[in-house]
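The primary structure of each chain is shown beneath.
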Amino acid sequence: VVLAIGIYGQTLARADTTKFSGIHLLSDTSFVHEQVDKLRIHHGLSPLSKVFHNKVFLGVNEFAKRYVRSYSPEFLYFFGGGNKAHNIPNFGNAYLVELPFLLLGIAFLISKKSKEHALLLIWFFLSALAPSITRDAPHSARMLAILPSLPIITAYGFKELYARWKNRSVSFVGLI
């Protein structure tokens, strides 16, 4: 923890803040003007328009949209991120055949009540927080933190499904 605090302290105090000021989700001044100033004028500069049309409200709204898009099928399975240098055209970051096992893995992990299972779910859902504060999110290279948890949860879903199918007394072979 002490080492991490030192590393993050140095990172935030140095040149990385300059880079971050260019990539955070509100760094595009024309976007902020379009979403805040023009909407305030459109609504007559009322006090209520200042409550809903400001940088804080815009930042929270855009962060939430980017976070949800980081787990969308379009990003994960069909098209990947918008940066073409980090993606194969028209191909996502995972295989579509993995989707049912990922969903089952999440469901099985939620049904278990252990700290290890909760840690894996927390890892999976926290991995999109940092990339979501950037303006080009979801971004495949910035979502690398999800990579270990994504195949682990997918494999867990497959393993649990196979174990439950194997323990059944009825065989699916006779149904085909």
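The model shown is predicted, which means the values in this text are computed figures rather than measured ones. (Residues numbered from 1 in each chain as written. Predicted model: local features only at pLDDT ≥ 70, side-chain atom pairs only at ≥ 80, totals over all residues. Heavy atoms only, no water.)

Visitor: An account of the nonpolar core is requested, with residue identities and associated values reported.
Guide: In terms of nonpolar packing, the biggest core is built from 19 residues, with Leu102, Phe124 and Ile153 touching the most fellow members. For this core, the secondary-structure elements that each account for two or more residues are α6 (73-78), α7 (99-111), α8 (115-126) and α9 (149-166). The biggest single contributor to this core is α7, with four residues. In this structure, isoleucine 153 is in contact with Phe101, Leu102, Gly105, Ile106, Leu109, Leu120 and Phe124, ignoring residues within four places of it in sequence. (Core = buried A, V, L, I, M, F, W, Y, C linked by side-chain atoms within 4.5 Å. Buried < 20%, exposed > 50% of the residue type's maximum accessible area, 1.4 Å probe, protein only. Helix = DSSP H or I, 4+ residues; strand = E, 2+ residues; numbered from the N terminus. Contact = heavy atoms within 4.5 Å.)

Visitor: Summarise the environment of alanine 145; cite the residues concerned and give the values.
Guide: Mapped onto the elements, alanine 145 comes out in the loop between α8 and α9. Separated by 18 residues in sequence, alanine 145 and serine 127 have C-alpha atoms that sit 5.3 Å apart. If we skip the residues at most four places from it in the chain, alanine 145 touches Trp123 and Ser127.

Visitor: How would you sum up the confidence of the model for the chain? Please name residues and give values.
Guide: Overall, the predicted model of the chain reaches an average pLDDT of 78, with 77% of residues at or above 70. Confidence, expressed as mean pLDDT per element, reaches its minimum in the chain at helix α2 (residues 16-23) with 53 and its maximum at α7 with 94. (pLDDT = per-residue confidence, 0-100.)

Visitor: Just give me the short version of the packing of aromatic side chains, but keep the residues and values in it.
Guide: Counted by the stated rule, this structure contains eight aromatic pairs. Ring centres 6.5 Å apart and planes at 50° place the aromatic pair phenylalanine 78 and phenylalanine 79 in the tilted group. Taken together, the ring pairs in this structure connect Phe63, Tyr67, Tyr71, Phe124 and Phe125 into an aromatic cluster. (Phe/Tyr/Trp six-rings, centres within 6.5 Å; stacked < 30°, edge-to-face > 60°.)

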